[in-house]
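# Inside the fold
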Amino acid sequence: GGGGVRRSTVGALLSRQVEQSEPQSEYKSDPITRSSVIFNRKFSPLDTHHTIHDDHFKFADSHFEDVNFELKGAWESHWESKRHQGPYHEQPITQLTGTKLQSFSGHKGGIRNLAVSDCEHFFLSSSKDKTVKLWSLRRLGAQSVAQQLTYAGHQKPIVGLELLEPLWQVASCDGSVHLWDLETAYCIHQFSSQKASYFALASLPSLHNLICVTTSDMMLRFLDIRSKAFAHQWKLNFQGGGFVRSLASKEMWVAAGSHTGTINVLDLRIGELLHMWKPYELAVAPSATSWNENLLCLKATKRGNLISSVGNGLVSLWKPSAAKLLHNFKGHTHAVTCLDTMGEQLICASANGQVTIHNSFERHVSTLSLSLTHIHTHTH
């Protein structure tokens with residue numbers, strides 16, 4: 001059985017709109033289901049403006065045989081029912097209805113992370129079964145979809161996954177960071193430390209040659225994936241110890257969240273600690289008598305804000321430069337273990353298998369109105 005995305009998981013792969021091509025990255029924790037499901041997504045031919053080298057496209061074509069994007073089965077029925085809504089590119093918001101379109105089975109343990117390629121021809125999944133698998137998105141509607149590639153070099157369950165698409169490489173973490181080739185699954189380099197284990201892993205939008213990881217001794221360490229060397233590290237400020245469960249980054253800052261519920265935001269240019277706060281202290285009413293303060297995941301938004309998931313369903317939008325609460329998202333009754341964004345939509349997956357969608361989540365946050373859709377995935 002397959003085990004849940006971008007990392008983690010939720011068991012649900014929620015792809016971005018074709019018009020957008022910003023990379024995805026997010027550490028996701030705790031599997032929800034043993035089946036990875038794609039919800040309502042139409043895939044278009046390869047973007048001619050993509051920056052990856054032509055040789056990499058040849059690799060993709062050699063792995064993914066069906067190049068005609070023929071829709072079959074549930075996909076064909078779904079898009080026939082959507083024809084009355086007008087051309088796909090004219091729809092301001094992709095309507096997710098919860099229709100099960102495709103399942104991908106092959107993992108023998110819960111899925112922790114998913115990473116989708118910018119060209120949307122394939123995605124990666126990492127699991128507690130110590131493997132990373134590559135899956136094709138070009139045979140839509142086939143009864144069974146087998147993994148195209150498996151990386152099996154890890155000795156422990158994988159907790160972090162990043163697709164470094166400009167280099168056609170993958171970074172995956174199981175306490176040490178493995179840098180491996182996406183075409184051959186050959187391990188190029190392994191970053192490890194004798195003094196501390198690595199936990200959360202993230203790529204940096206403004207520093208393409210670096211990835212950052214957190215260590216068990218509360219350091220934020222930067223690794224140079226071109227020179228295969230340690231670059232520098234900064235000290236994180238978490239009172240009471242613990243470990244860092246999640247990382248999120250934008251051009252000027254990186255946010256680290258500990259499992260005890262504290263967030264650090266650091267300036268990527270100089271390493272200065274900009275702000276430190278506990279979401280449950282600022283976002284929960286003082287009258288609350290009992291609260292699970294564990295931080296589960298962080299997600300940076302395209303407008304430079306930060307989304308956090310804490311405790312039993314507290315999902316909040318923050319302005320990280322001021323540690324200012326912008327909004328609490330309602331509708332979550334269980335721990336939200338996976339966050340992702342698609343255009344103006346925020347997709348939240350909970351530990352009970354429920355997917356909640358918030359429309360226009362970042363627009364006019366002072367007078368934010370929410371449109372909720374509840375999708376219950378099936379556990380196999």
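Residues numbered from 1 in each chain as written. Predicted model: local features only at pLDDT ≥ 70, side-chain atom pairs only at ≥ 80, totals over all residues. Heavy atoms only, no water.

This next bit is on the overall build of the protein. In terms of regular secondary structure, the protein is built from 3 helices and 27 strands. Here the protein has roughly 15,900 Å² of accessible surface; of this, 48% comes from carbon and sulfur atoms. (Helix = DSSP H or I, 4+ residues; strand = E, 2+ residues; numbered from the N terminus. Areas by Shrake-Rupley, 256 points an atom, 1.4 Å probe, with all protein chains shown as cover.)

Pairing is antiparallel across the open sheet formed by 4 strands, whose spatial order is β4-β5-β6-β7. Where the open sheet ends on each side, the last strands, each with one partner, are β4 (111-116) and β7 (149-151). Mean inter-strand twist for the sheet, computed between neighbouring axes without regard to direction, equals 20 degrees. Summarising the sheet, β4 and strand β5 (residues 122-127) pair through 5 bridges and their orientation is antiparallel. By the bridge assignment, V116 is partnered in β5 with F123. (Pairing = 2+ DSSP bridges. Axes fitted to C-alpha atoms, helices over the stretch in contact; angles between N-to-C directions.)

Let us now look at the pattern of salt bridges. In this structure the tally under the stated criterion is 4 salt bridges. For K302, the salt bridge goes to E344, with nearest N and O atoms at 3.5 Å. On the criterion of sequence distance, the pair formed by K302 in the loop between β20 (295-300) and β21 (306-310) and E344 in the loop between β24 (336-342) and β25 (345-350) is long-range, its members being 42 residues apart. Where E344 meets R303, a salt bridge forms, and the shortest distance between an N and an O atom there is 3.2 Å. With E344 in the loop between β24 and β25 and R303 in the loop between β20 and β21, this residue pair connects regions lying 41 residues apart in the sequence. Among the residues examined, R303 registers a relative accessible area of 45% and is labelled partly exposed. (Salt bridge = Lys/Arg side-chain N within 4 Å of Asp/Glu carboxyl O. Buried < 20%, exposed > 50% of the residue type's maximum accessible area, 1.4 Å probe, protein only.)

Judged by how many residues are buried, strand β13 (residues 210-215) sits mostly within the fold: 6 of 6 residues are covered. Side chains L210, C212 and T214 of β13 all project onto a buried face; the interleaved residues I211, V213 and T215 project onto the opposite face, where all are buried too. Across 4 bridges, strand β12 (residues 198-203) lies against β13 in antiparallel orientation. Bridge pairing in β13 places L201 opposite V213. A loop of 6 residues connects β12 with β13, the two strands running antiparallel in sequence. Here 5 bridges tie β13 to strand β14 (residues 219-224), and the two strands are oriented antiparallel to one another. Residue pairing for β14: L210 is matched across the bridge by D224. Taking the residues between adjacent antiparallel strands as the criterion, β13 and β14 are bridged by 3 residues, where M218 takes a positive phi near 65 degrees.

Take the side chain of H154 next. Relative to the helices and strands, H154 resides in the loop between β7 and β8 (160-164). The exposure class of H154 is buried, given its relative accessible area of 4%. In terms of polar contacts, H154 uses its side chain to reach the side chain of S172, at 2.7 Å. Of the polar contacts made by the side chain of H154, one reaches the side chain of D174; its length is 3.1 Å. If near-sequence neighbours (up to four positions away) are discounted, H154 is found in contact with K130, S172, C173, D174 and H178. (Polar contact = N/O pair within 3.5 Å; in protein donor to acceptor, adjacent residues only side chain to side chain. Contact = heavy atoms within 4.5 Å.)

Attention now moves to the confidence of the model for the protein. Put simply, the protein has an average pLDDT of 75, and 67% of its residues get 70 or more. Contacts from residues 1-54, a stretch scored under 50 in pLDDT, to residues over four places away or in other chains number 226 contacts. Contacts from residues 366-371, a stretch scored under 50 in pLDDT, to residues over four places away or in other chains number 13 contacts. (pLDDT = per-residue confidence, 0-100.)

Take the packing of aromatic side chains next. Taken as a whole, this structure holds 9 aromatic pairs when the rule is applied. Summarising the aromatic geometry, the rings of W277 and W318 are spaced 5.4 Å apart at their centres and angled 50 degrees between planes, so their arrangement reads as tilted. Of this pair, W277 sits in strand β19 (residues 273-277) while W318 sits in strand β22 (residues 314-319); the two residues are 41 residues apart in sequence, bridging distant segments of the chain. Judged by its relative accessible area of 6%, W277 is buried. A relative accessible area of 0% places W318 in the buried class. Joined through ring pairs, the aromatic side chains of F104, F123 and W135 make up one cluster. (Phe/Tyr/Trp six-rings, centres within 6.5 Å; stacked < 30°, edge-to-face > 60°.)

Now for the environment of L124. Relative to the helices and strands, L124 resides in strand β5. Residues L124 and N113, 11 residues apart in the sequence, show an inter-C-alpha distance of 8.1 Å.

What follows covers the sheet that holds strand β9 (residues 169-173). An order of β8-β9-β10-β11 is seen for the 4 strands of this open sheet, with the pairing classed as antiparallel. The sheet is open, and its two edges are formed by β8 and β11 (187-191), each paired on a single side. Each strand of the sheet is rotated relative to its neighbour by a mean of 15 degrees, with strand direction disregarded. As paired elements, β8 and β9 share 5 bridges and run antiparallel to each other. When the sheet's bridge partners are listed, L161 is paired in β9 with S172.

As a further point, take the nonpolar core. Judged by nonpolar contacts, the single largest core of 17 residues is most densely connected at C212, L220, F222, L236, V244, L247 and V254. Of all the secondary-structure elements, those providing two or more residues to this core are β12, β13, β14, β16 (244-249) and β17 (253-258). In this structure L220 touches C212, V213, T214, H232, Q233, W234, L236, L247 and V254, once residues within four positions along its chain are discounted. (Core = buried A, V, L, I, M, F, W, Y, C linked by side-chain atoms within 4.5 Å.)

As a further point, take unusual backbone geometry. The phi angle at M218 is positive, at roughly 65 degrees, despite the residue not being glycine. The residue M218 is located in the loop between β13 and β14 in this model. The exposure class assigned to M218 is buried, which follows from its relative accessible area of 8%. The phi torsion at A323 lies on the positive side, around 50 degrees, for a residue other than glycine. In this structure, A323 sits in the loop between β22 and β23 (324-329).

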